[in-house]
Amino acid sequence: MAAEPTLLEISHVKKYFPRKKPTFRQSQEWLKAVDDVSLTIPRFYSVGLVGESGCGKSTLGRTILRLHAPTGGRVVFEGQPLFDMEGKQWLPEARMRDLRKDMQMIFQDPYGSLNPRLTVGQAVEEGVARHHVVPAADRRAYCEEILENCGLEKKFYMAYPHEFSGGQRQRIVIARALALKPKFVVCDEPTAALDVSIQSQILNLMMDLREELNLTYLFISHNLRVTQAFCDEIVVMYLGKIIEQGPAEEVCSHPVHPYTQALINSLPVSNPWETKPKAQILGSIPSAVHIPSGCRFHPRCPYATPRCQEDEPAWKDIGGGHCAACHLI
Amino acid sequence: MKLLEVKDLNVVFHTILGEAEAVRGISFSVDRGEVLGIVGESGSGKSVTSLAIMGLLQRKKADIRHGTILFDGQDLLSMPEKQLCQLRGSRMAMVFQEPASALNPVIKIEKQLSEVYKLHEPARAKTCHSELVALLKRLNIPDAEDVLKKYPFELSGGMKQRVMIAMAVLCRPDLLIADEPTTALDVTTQAEILELLRLVQQETNCAIILITHDLGVIAEMAQRVIVMYRGKILEECEAESFFRSARHPYSQDLLNTRPEYFSGRFTSIEGSIPSAYEKLTGCAYYGRCRQAEPRCAVRTPEQIQCGDGCVCCLKYETGEGCTHGG
């Protein structure tokens with residue numbers, strides 16, 4: 001798979017949110033949700049993005065699709081720059097809108113991402129009509145087929161979202177995204193709101209559709225076990241930066257960054273007779289307004305040295321495509 | 001005498017859509033100092049059971065058709081509200097799933113915590129500040145003094161859940177019900193909260209009913225497991241034998257859906273849980289069960305004593321397969 005060409009190239013992407021200015025203070029404070037992230041996503045790959053809530057993983061997903069206005073950096077999709085803040089390039093909104101056919105998003109909360117006033121059919125047809133995926137005469141049949149592929153029978157075509165359970169709604173959201181035959185899909189915690197049995201159904205569906213439609217996924221999740229199984233590659237984010245990256249199996253079996261190790265040790269055991277090392281990180285993720293100096297993880301890191309407080313660790317390759325940013329490697 | 005005994009509990013909700021039978025005749029008991037895990041998908045009736053035990057179901061809407069709930073020998077269902085209020089918060093307490101909506105947003109943490117004392121030990125309410133600080137410190141809240149002066153919205157999710165646990169254990173209850181205490185939290189915070197519940201359990205020797213749909217949480221915490229499905233208990237056994245050799249097909253399927261058993265495909269349970277409005281004949285799991293036989297559609301299985309627990313499946317009717325293979 002290594003020879004697959006690049007589908008999406010993200011370089012030095014930044015997204016800062018301005019904070020409300022206190023009355024008598026002059027300087028503007030920024031919440032650095034995504035701070036200089038570079039990532040290359042090859043075609044037909046599933047890349048998993050993991051981290052605690054507040055680490056900027058959702059913001060990154062949205063910034064790539066230009067659902068947030070970026071603060072800096074460059075994103076190139078199939079050789080076409082979506083934005084390049086340094087080169088002051090900006091794909092015009094109309095062109096971007098056409099390009100959205102190829103870049104879709106599956107949102108976390110299936111209760112919030114469907115318009116309650118549109119029937120399932122209308123919700124799916126809307127995008128298909130906008131992007132002329134099929135001739136108008138075939139539209140209905142096409143949408144029914146997509147819904148059926150996603151496990152929703154024809155009789156639900158005229159039903160409204162409130163008539164469905166969480167799992168079914170998530171299927172509608174997936175069908176709506178995939179009806180446009182996209183090339184790249186950002187999935188923002190697609191199963192977080194669902195039960196375990198339904199979670200497996202949805203993940204299998206997403207895997208089947210990936211084969212069928214040759215999709216590339218950016219899979220955002222805080223569930224490491226699911227990500228490990230679903231993705232080819234795992235990217236771990238902490239406070240707006242990527243701290244470890246590599247093939248999924250490799251990162252999960254031999255994590256090198258203390259944060260990744262802690263994330264894996266925090267997972268509950270699979271069976272009561274198993275034991276695991278105690279998770280060693282304390283406290284919670286600091287605010288992205290006041291980012292710690294040096295290595296961002298040092299205040300919570302059990303192995304922190306004085307050097308970690310001063311120098312920002314460089315990105316190191318450990319071989320086999322496994323990289324991490326830590327002084328201790 | 002067991003600490004809590006639930007016998008043949010049946011809860012029906014009257015709604016405009018008709019009657020919804022949320023809990024359909026369940027019986028179980030909890031010993032002192034025991035951690036009992038209840039698992040099941042959403043809609044299986046686990047939360048309704050816990051609300052019924054706490055007496056928090058709205059009496060207008062929820063109809064407890066029959067059944068008894070004995071807490072330390074006293075019948076909770078026939079108890080007057082006033083007496084129940086004295087038990088709640090002091091001898092039995094609850095930790096809710098959403099700490100953000102369970103805490104009052106306009107009252108500072110200190111006042112919310114001291115309210116527990118005000119109700120149950122008025123003499124201590126005025127002088128409890130140092131006790132509260134000590135308790136919060138015990139629960140790994142670093143700047144306890146500051147936290148007490150804050151409003152809930154100023155705290156993170158994990159911190160709020162810690163405050164909820166503090167509130168629940170203030171009067172050292174005998175029974176603590178934790179309804180999905182870590183579902184809304186990150187894995188790192190989840191590990192800390194579970195550690196905290198373990199600490200509380202060891203120090204106060206209270207019984208914990210842990211309701212969750214995450215089998216990992218059960219594996220970490222529980223000694224005994226109850227599997228609920230559509231208002232019924234399908235299986236009850238020791239945690240270890242549950243994970244080694246669960247008997248009910250639903251338990252087996254649940255165990256197989258865990259993502260760590262991924263091999264090219266995620267194992268899933270097709271279909272979804274039947275709605276509470278449907279009148280059921282036969283086994284509730286019929287239709288999704290891969291081991292179903294024609295008789296499962298018509299005959300309702302009874303609970304059968306089986307090894308160290310019980311199971312509710314026609315497969316074990318003859319008593320066969322009831323010994324654990326280990």
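What counts as what
Residues numbered from 1 in each chain as written. Chains lettered and ligands numbered in written order. Predicted model: local features only at pLDDT ≥ 70, side-chain atom pairs only at ≥ 80, totals over all residues. Helix = DSSP H or I, 4+ residues; strand = E, 2+ residues; numbered from the N terminus. Rg over C-alpha atoms; globule rule 2.2 N^0.38 Å. Contact = placed C-beta atoms within 7 Å. Nonpolar A, V, L, I, M, F, W, Y, C, P; charged D, E, K, R; others polar. Core = buried A, V, L, I, M, F, W, Y, C linked by C-beta atoms within 7 Å. Buried ≥ 20, exposed ≤ 12 C-beta atoms within 10 Å, placed from the backbone. Domains from an automatic or database assignment. Pairing = 2+ DSSP bridges. Axes fitted to C-alpha atoms, helices over the stretch in contact; angles between N-to-C directions. Expected span 1.5 Å × (residues − 1). Arc of directions from axis to C-beta. Parallel < 35°, antiparallel > 145°, perpendicular 65-115°, else oblique. Left-handed = near helix turned anticlockwise from the far one by under 90°.

Draft legend 1. Representation of the overall build of chain B in the model. Helix and strand content of chain B: 12 helices and 12 strands. Its C-alpha atoms give chain B a radius of gyration of 21 Å, within 12% of the compact-globule value 20 Å for 326 residues. In terms of principal-axis extent, the alpha carbons of chain B reach across some 65 × 50 × 40 Å. If you take every contact in chain B between residues at least 6 apart in sequence, the share linking residues at least 24 apart comes to 65%.

Draft legend 2. The interface of chain A and chain B, seen in detail. Listed by partner, the interface residues are 29 residues for chain A and 30 residues for chain B. The set of elements that each furnish at least two residues to the side of chain A that touches chain B consists of α6 (196-213), α7 (224-230) and α9 (258-266) of chain A. Residue contributions to the side of chain A that touches chain B peak at 7 residues, all from α6 of chain A. In terms of residue class, the side of chain A that touches chain B is built from 14 nonpolar, 12 polar and 3 charged.

Draft legend 3. Geometry of the nonpolar core. In this structure, Ala-175 of chain A together with Leu-176 and Leu-210 of chain B are the most contacted members of the largest nonpolar core, which totals 190 residues. Here this core gets 8 residues from one element, more than from any other, and that element is helix α8 (residues 157-169) of chain B. Residue-level mapping places this core at the junction of two domains, with at least three residues from each of domain 1 (30-55 + 80-91 + 175-325) and domain 2 (99-170) of chain B. With near-sequence residues (within four places) excluded, Leu-176 of chain B lies in contact with Ala-93, Val-95, Ala-168, Val-169, Cys-206 and Ile-208 of chain B.

Draft legend 4. Quick look at the sheet that holds strand β6 (residues 92-95) of chain B. Residues and elements named next belong to chain B. The sheet built from 8 strands is open, its strands ordered β6-β7-β8-β3-β9-β10-β12-β11 with mixed pairing. Among the strands making up the open sheet, the edge pair consists of β6 and β11 (304-306). This sheet shows a mean twist of 25° between the axes of neighbouring strands, independent of strand direction. Contacts from α8 reach β6 and β7 (175-179) within the one sheet, and its direction differs from that of β6 by about 175°.

Draft legend 5. Main features of the sheet that holds strand β11 (residues 241-247) of chain A. All names here are of chain A. Spatial strand order, β7-β8-β9-β3-β10-β11-β13-β12: 8 strands in an open sheet with mixed pairing. Whereas interior strands pair on both sides, the edge strands pair on one side only; in this sheet they are β7 (103-106) and β12 (315-317). Ignoring which end each strand starts from, the neighbouring axes of this sheet average 20° apart. For β12 and strand β13 (residues 323-325), the ladder comprises 3 bridges, and the chain directions are antiparallel. Pairing of Lys-316 across the sheet is with Ala-324, part of β13.

Draft legend 6. Fine view of unusual backbone geometry. At His-132 of chain A, a position not held by glycine, the phi torsion is positive, near 50°. A positive phi angle, near 60°, is found at Asn-140 of chain B, a position not held by glycine. For Asn-140 of chain B, the position within the fold is in the loop between α6 (129-138) and α7 (144-148). Overall, Asn-140 of chain B belongs to the partly exposed group, with 17 C-beta atoms counted inside 10 Å.

Draft legend 7. Representation of helix α4 (residues 109-120) of chain B within the structure. Residues and elements named next belong to chain B. With 12 residues, α4 should cover 16 Å at 1.5 Å per step; its first-to-last C-alpha distance of 18 Å lies within 8% of that length. Buried residues of α4: Ile-109, Leu-113, Ser-114, Val-116 and Tyr-117, and no others. An end-on view of α4 places all buried positions within 130° of arc, on one side of the element. Close packing links the buried residues of α4 with α5 (122-125), α6, α7 and α8.

Draft legend 8. Fine view of helix α9 (residues 187-204) of chain B. Between its first and last C-alpha atoms α9 of chain B spans 26 Å; for 18 residues at 1.5 Å apiece the expected length is 26 Å, and the two agree. Three or more residues of α9 of chain B are buried, namely Val-187, Thr-188, Thr-189, Gln-190, Ala-191, Glu-192, Ile-193, Leu-194, Leu-196, Leu-197 and Val-200 of chain B. Contacts from the buried residues of α9 of chain B go to α9 of chain A together with α8, β7, β8 (207-212) and α10 (215-221) of chain B.

Draft legend 9. Main features of the packing of α4 of chain B against α8 of chain B. All names here are of chain B. One can describe the packing of α4 onto α8 by two numbers: an axis separation of 8 Å at closest approach and a directional angle of 25°. Considering the angle they form, α4 stands roughly parallel to α8. For the pair α4 and α8, the crossing hand works out as right-handed. Note on element contacts: α8 touches α4 through Val-163, Ala-166 and Met-167, opposite Ile-109, Gln-112, Leu-113 and Val-116. Counted by class, the contact of α4 with α8 contains 6 nonpolar, 1 polar and no charged residues.

As far as function goes, none of this settles anything; it's purely spatial.
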